[in-house]
Structures are given as C-alpha cells and as structure tokens.
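What follows is the residue order along each chain.
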Amino acid sequence: MTSRDKPFARALTLNFPQLGRAIAASGDETVLQSARRHGVRIVGACGGRGTCGACMVHIRDGEIEADHADPAAPSPAAPANRKKWVRACRVRARSDCTVEVAPRSLAPVARADVAGDGDADRLRLDAAVASREVHLAEATLTDNVADIDRVIRALAVPIDAPGTPSIGTVDLVAARQLPQTLRDAAWSLRLCLRGSELIDVAPPGSRVLGLAVDLGTTNAAGFLVDLQSGAQLASFGLENPQVAWGADLVSRIDYAVSGPAGAADELRIAAVAAINALAHDLCAASGAKATEIVDVVVCGNTAMHHLLLGLPVRQLGRAPFVAAVRDAMDVKAREFGLGVSPGAYVHVTPNVGGFVGGDHVAALLATESHWRDAATSLVMDIGTNTEISLIHDGVFLSASSPSGPALEGGHISCGMRAAAGAIEQVGLDDGHVTVRTIGGKTPVGLCGSGVLDALATLYRAGIVDRRGRIQAPHRDVGAQDGERFAVLAPGVHFTQADVRAVQLAKAAIRTAVDLLLADAGVEAPAIGRFIIAGAFGAYIDIDSAVAIGMFPDLPRERFVQVGNAAGAGVRQMLASTAARSRARQLAAGCRYVEMSTRAQFQRAFIHNLGFH
Ligand code: FES
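What counts as what
- Residues numbered from 1 in each chain as written.
- Predicted model: local features only at pLDDT ≥ 70, side-chain atom pairs only at ≥ 80, totals over all residues.
- Heavy atoms only, no water.
- Helix = DSSP H or I, 4+ residues; strand = E, 2+ residues; numbered from the N terminus.
- Buried < 20%, exposed > 50% of the residue type's maximum accessible area, 1.4 Å probe, protein only.
- Arc of directions from axis to C-beta.
- Contact = heavy atoms within 4.5 Å.
- Pairing = 2+ DSSP bridges.
- Axes fitted to C-alpha atoms, helices over the stretch in contact; angles between N-to-C directions.
- Core = buried A, V, L, I, M, F, W, Y, C linked by side-chain atoms within 4.5 Å.
- Salt bridge = Lys/Arg side-chain N within 4 Å of Asp/Glu carboxyl O.
- Phe/Tyr/Trp six-rings, centres within 6.5 Å; stacked < 30°, edge-to-face > 60°.
- 1 Å grid on protein atoms, 1.4 Å probe; cavity = no way out; pocket = protein on both sides within 12 Å on 5 of 7 lines; lining within 4 Å.
- Points joined across faces, edges and corners; volume = space filled by probe spheres on them.
- Nonpolar A, V, L, I, M, F, W, Y, C, P; charged D, E, K, R; others polar.

S.K.: How would you sum up unusual backbone geometry? Please name residues and give values.
M.R.: A cis amide bond, omega 5°, links Ala319 with the succeeding residue Pro320. Assignment of secondary structure puts Pro320 in the loop between helix H6 (302-309) and strand S16 (329-332). Of note, Ala186 is a non-glycine position whose phi angle comes to about 55°, a positive value. Within the secondary structure, Ala186 sits in the loop between helix H3 (172-184) and strand S10 (188-194). Backbone geometry places Phe321, a non-glycine residue, at a positive phi of 55°. By secondary structure assignment, the location of Phe321 is in the loop between H6 and S16. Among the residues examined, Phe321 registers a relative accessible area of 18% and is labelled buried.

The structure is reproduced here in structure tokens:
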C-alpha cells in the first residue's frame, strides 16, 4: 500500500490567500482536483495528465506528496520544497496547505462583452415567457373554487391588453407553490406563463429574469437579462470546468465514451455546475435570486450540446460525425439540475452538423446585419474549435476546424489569461523584440492576442523561418534542454513548441477557409465581409493574422471584429421568440461540410503550416 492509498482521518484545508478562499481537500485528490471541485479556477489544459505545465502552484506552507511522474515536483521522499512551483495536478496535500497560484495559471475570466454593449444594451422583447400580476378575490364559503381556477378566472378578465395569456397547463411545482404563495401575498400573484403553461408563481413585485449562456469549449459566458425591460443586468465568464477532462472536444468525447462508468455524467454535471455558477454569480452581482430566473437559453457547439443534454456522443466523435439531435430543444431546467425557477425551461439552440453547433448559429444570427448585403461573406468564430460559415449567393457552407487552445494562450509555455502583466502586443524596434503588457506591468506571460503577435513578429524579424524553425544564433534566441526559444521579455519565452502549436492552429483555420472557398467556387478576394467573432477574435491584430497566413490578405476594411457574437446571439434568443425562429431557419439552411476526412485537407493543411 502506498501512502496515497492510506485513508486520511481528518479533512485537510487548502488556503488560497490571493483568492480569499479556503477549501476542504482530500488526500485522495490532487490539489487541482480539490480546487476544481470547489470552483477555484486553476488552468489545466491537459486535463490533469501532467503534460501541459499550465497548472503551476507554489505551496507556501504545508506538506505535499508528489506523483513521481512529475519532474517539476519535489521528491516524494523529501519534504515539500517551498521554493518551487509545482504542477497542481501532480501533488496531493498531506497537511493543511497555503497555496499560491501562478498568475498565468489562474483560469481566465472570459471576456463576456459583446459588440453593442453599453447604453444601447437593451434588448427588444418578444420573450417566450410572459408575466402578469393578478389580484384575486379571497376564497370564501360561497366562492370556494380551486386556487388555480381563481387565477384562470382573473386572467380571463381582459385587463389591459388583447391577447391576455390563458392557462392551459400548470407546472407541477408551480401548482404545489400556488396555495401558500397566494395566501402569503394576500391574494396577489406574479404569474409567469410560457405559452399556455403556468410555469412560476411568486409574490407581486418579484423580478422576471432570463439567463443566456454561451457554453464554450474553454470558457462559458453568462448574461442575466430583465425580461420585463430587456435590460442586461450583468455579464460574467468563467472557465468551463470540463477543461479538467481535456482542453479539446476529442479528449472529452474519448473520456465520455471510453472512460469509467459514469464518465459522460461527470462531464454533464460539470457543464451544469458551470451554468449554476454563472446563475449564482450573476444574481449575486444584481441583488437577485436564482429562482427569479424563469427562462434559460444555452448555446454551444454540438459536443457541448450533447454532453449537457446527456445525449450519446460516440457517433459524434467518429465519421461520419452524426449528431443525435439537430433542432432546438426545450427541456425543464430541473431535469438538468439547474437551481433556477423549478418550472423554467432551458431552450437549447439548434445545431448545424458535425461540431458546428448552436453557438455558431447564434453568431450568424447576431452578425446578420454585417453579412446580409454582401454577395460573399465569411463568418468565423475563433475558439478552441473554430467554426466558419461561407455565405455565397445565399448558400451557407459551414465547417468546424480544431484550432486548439494555443490562440487563446493555452498550451503555450508562458501563456496566461488576459490580466495585468500579460503581453498583449509584440513588435520590433531597431531589430529588437518589444512588448506591451496589459496595464503596463512587468511582463509575466503571454495572452492570446500576444501569441499571434509574437509569431508574426518573430517571422518578420527572421527569427522564425518559413518552415517555423527558430533560427540561431540570434541575440533574442536562447536554448534549454535542446529546445530553442525566443526571449520576449525577461522570463517570458516563446519556445519552438509554442511556434508549432500556433502553426497548427493557423493552418487548421486557413485550410478550412480555403476548402470552403473551393467548394463555393470562389477565390478569397471575393470575400466582401470577413467577420471575426469570438472573445479572442476581438483583440487580435489583423495584420499579424495575415502575416502568418491565418487570414487571406484582403483589404483591411473588409474585416469586421464583432466580439462575442455567440453571446450576443444567445441573448437575442433569450429576449425574442422571433430570434429563436430565425436561428432555427439559419441552422436548417446551413450545409455542413466535413473537412477532416478529405484528401485535400491534409495537402492544404501541410501547405498552410508554413509561411508564404
Ligand atoms: S500539467 Fe497540470 S493540468 Fe496539465
């Protein structure tokens, strides 16, 4: 029996002073697993396999035991080396510990902003849930009809508008709550109806809220909307906790299909936990209660969609990559385990095919004003998986490209979230590499926009050659353990492996663009609007993206960076049933194109790996 197998008699505590958190830990878990279980957001791009080096922590106080597979960790036999950074996924607490998370290992707070945020950020309402306040006559011996009949009777009286909703069915939990709520509130109620179903009863004056969620592979963004005014009350982002099972969709599908019994359910529960955490945090920020949320809309790629709904993913992960369900679905939130109003529904947005899911449909919906009038447009939502639609003469060709997390700073040796000290811009001055950091702070790592800039600058400077090899000797180039790296700032390096990771990402994206153009029978110069969506896409430098060949070299005014368009689209669907209908039309109108099994894909991909 190893020491790891021994039962631990007392619970351990991990303190994270920089986050103001203290969590209960188990000696059976790694520090990363304990942190994840309690929502302490440490980056773990390889799913805890110990290979990415993203989860670095410093044990300031306390004893740990290292998995011997981790060369960066202290020897299991030695006392904890408190000077060292160790991988959180490779060490287990053996006493109460004080843990410092490396700045670049703090999971990113997603930029949930969308084009148009600000004063005009009020949505046009045509919501699926209608609310009414009713004031009823108290029950008496001579008027002793059932409570629900009393409500129906009150609604039948035309009060202020034609089309007054009528009740056809009653949610069971709403029915259970009705008598007490009615009497506690002196025979007045706020009702919420979805179509003809009474889904929620609450005292008058209760808020009527909606939650829109863009469940991305890496990050989840949430938006809390007042469904009576259309105002957005708060937006917030967090890392998708499913990252603990792998940074990419294929790893998660593999785990769901081939992992231990209940593996798929672990992923489903993690996705639900993310939505619940968003609901909780957004409501806390707005002085609201999660039970005041009476409608939820979630968009995500097809794998996120299936994992959230508990649909099988085996057939989705292998050719011909068939989804179980394509159209939108409406499911009771309580069936998911969401802590919102028990009668609320979750509207899960429609998919296109393959991994092109409802998040891309939401992006198409939100960007329609940009692409509607051009003969040829391209809409690209850049993320861990990049979804692309080419719209040419009214035909929509859609594809998905596994671009990986590199462009967002994941799997990059010095990658970090967009926080103070992150290099966001890299340039050249008199042949020397120069950097600009967020907040003008001392450089501590590299965020997504800096990653792209770094490669473009190193290529322009001749430090990286056409095939992507770092050249030496050069004053800004060093080497360690046989691997070359470019020095961007003291302690912040861009390694040969980093260059390769970005090359793979940019080649995957450009190849998908090229093949969609070929399918449509047009050349790149025909693209009149090149619309770049996604939180990362809002911050990239177009010149850098063109310089490394990720985007075709078009006149710069044709590029439009719209931010989190999926977030904007899912909010539209929360506010409007017409938007939901339009999204279903768009999804049904897109023709999914599978790239990975084509012979041309490999040829074009290899061509696009280099710089031309
Ligand atoms: S090295 Fe710990 S999650 Fe990858």
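S.K.: Mind laying out helix H2 (residues 147-156), listing which residues take part and the relevant values?
M.R.: Along an α-helix, a turn takes 3.6 residues, which lines up residues three or four apart on a common side. For H2, the full list of buried residues reads Asp147, Arg150, Val151, Ala154 and Leu155. Here the buried residues of H2 occupy an arc of 135° about the axis, which is enough to place them on one side. For H2, the elements touching its buried residues are strand S8 (129-135), H3 and S10.

S.K.: Now, about the sheet that holds strand S2 (residues 21-25): what can you tell me, with residues and values included?
M.R.: Whenever strands of a sheet pair, they do so through backbone hydrogen bonds, lying parallel or antiparallel. Within the open sheet, the five strands sit side by side as S2-S1-S7-S3-S5. Their pairing is mixed. Each of the sheet's edge strands pairs with one partner strand only, and the pair in question is S2 and strand S5 (85-87). Ignoring which end each strand starts from, the neighbouring axes of this sheet average 40° apart. When strand S1 (residues 12-16) meets S2, the two strands line up antiparallel, connected through five bridges.

S.K.: Break down the nonpolar core for me, citing the residues and quoting the values.
M.R.: Counting 63 residues, the largest nonpolar core has Ile382, Phe494, Met550 and Phe551 as the members making the most contacts within it. The element contributing the most residues to this core is helix H11 (residues 496-520), with twelve residues. Apart from residues no more than four positions distant in its own chain, Phe494 is found in contact with Ile412, Leu446, Val451, Ala454, Leu455, Leu458, Ile470, Phe485, Ala486, Leu488, Val499 and Val502. One finds Leu209, Leu282, Ile293 and Ala344 within the second-largest nonpolar core, a separate group that totals 41 residues.

S.K.: Requested: an account of the pattern of salt bridges, with residues and values cited.
M.R.: For side chains of opposite charge, pairing can occur when their charged atoms come near one another. Here the structure, examined in full by the defined rule, presents 20 salt bridges. In this structure, the salt-bridge partner of Glu424 is Arg436, at a minimum N-O distance of 3.2 Å. Separated by twelve residues along the polypeptide, Glu424 in strand S21 (residues 422-429) and Arg436 in strand S22 (residues 432-437) bring together distant segments of the chain. Overall, the relative accessible area of 25% leaves Glu424 in the partly exposed class. Classification of Arg436 by relative accessible area gives partly exposed; the value is 44%. The salt bridge involving Asp465 is made with Arg469; its shortest N-O contact spans 2.9 Å. By sharing partners, the salt bridges in this structure join Asp171, Glu197, Lys332 and Arg334 into a single network.

S.K.: Describe the packing of aromatic side chains, with residues and values.
M.R.: What the rule picks out here adds up to seven aromatic pairs. The interplanar angle of 40° and the centroid separation of 6.4 Å between the aromatic rings of Trp245 and Tyr255 together place this pair among those described as tilted. One end of the pair, Trp245, is in the loop between strand S14 (232-239) and helix H4 (249-258); the other, Tyr255, is in helix H4, and ten residues separate them in sequence. Centre to centre, the rings of Phe601 and Phe605 are 5.9 Å apart; their planes meet at 15°, and the pair counts as stacked. Within this pair, Phe601 and its partner Phe605 are both found in helix H15 (residues 599-609), separated by four residues, close to a single helical turn.

S.K.: Explain empty space enclosed by the protein to me, using residue names and the numbers behind them.
M.R.: Counted by the stated rule, this structure contains one cavity of 30 Å³ or more. Taken as a whole, the largest cavity encloses approximately 40 Å³ of empty space. The wall of the largest cavity is formed by Leu215, Val298, Cys299, Gly300, Met304, His305, Leu308, Val348 and Thr349. For the lining of the largest cavity, the elements supplying multiple residues, two or more each, are strand S15 (293-300) and H6. Its residues placed into classes, the lining of the largest cavity shows six nonpolar, three polar and no charged.

S.K.: How would you explain the sheet that holds strand S25 (residues 483-489) if you had to name every residue and give the values?
M.R.: If you trace the three strands from one edge of the open sheet to the other, you get S24-S25-S26, paired in antiparallel fashion. The open sheet is flanked by strand S24 (477-480) and strand S26 (492-495), the only strands paired with a single partner. Going across the sheet, the axis of each strand differs from the next one's by a mean of 45°, ignoring polarity. In the sheet, S25 pairs with S26 via four bridges, with the strands oriented antiparallel. Residue pairing for S26: Ala489 is matched across the bridge by Val492. Contacting S25 and S26, helix H10 (residues 448-460) crosses the sheet at an angle of about 65° to S26.

Geometric values such as these leave the question of function open.
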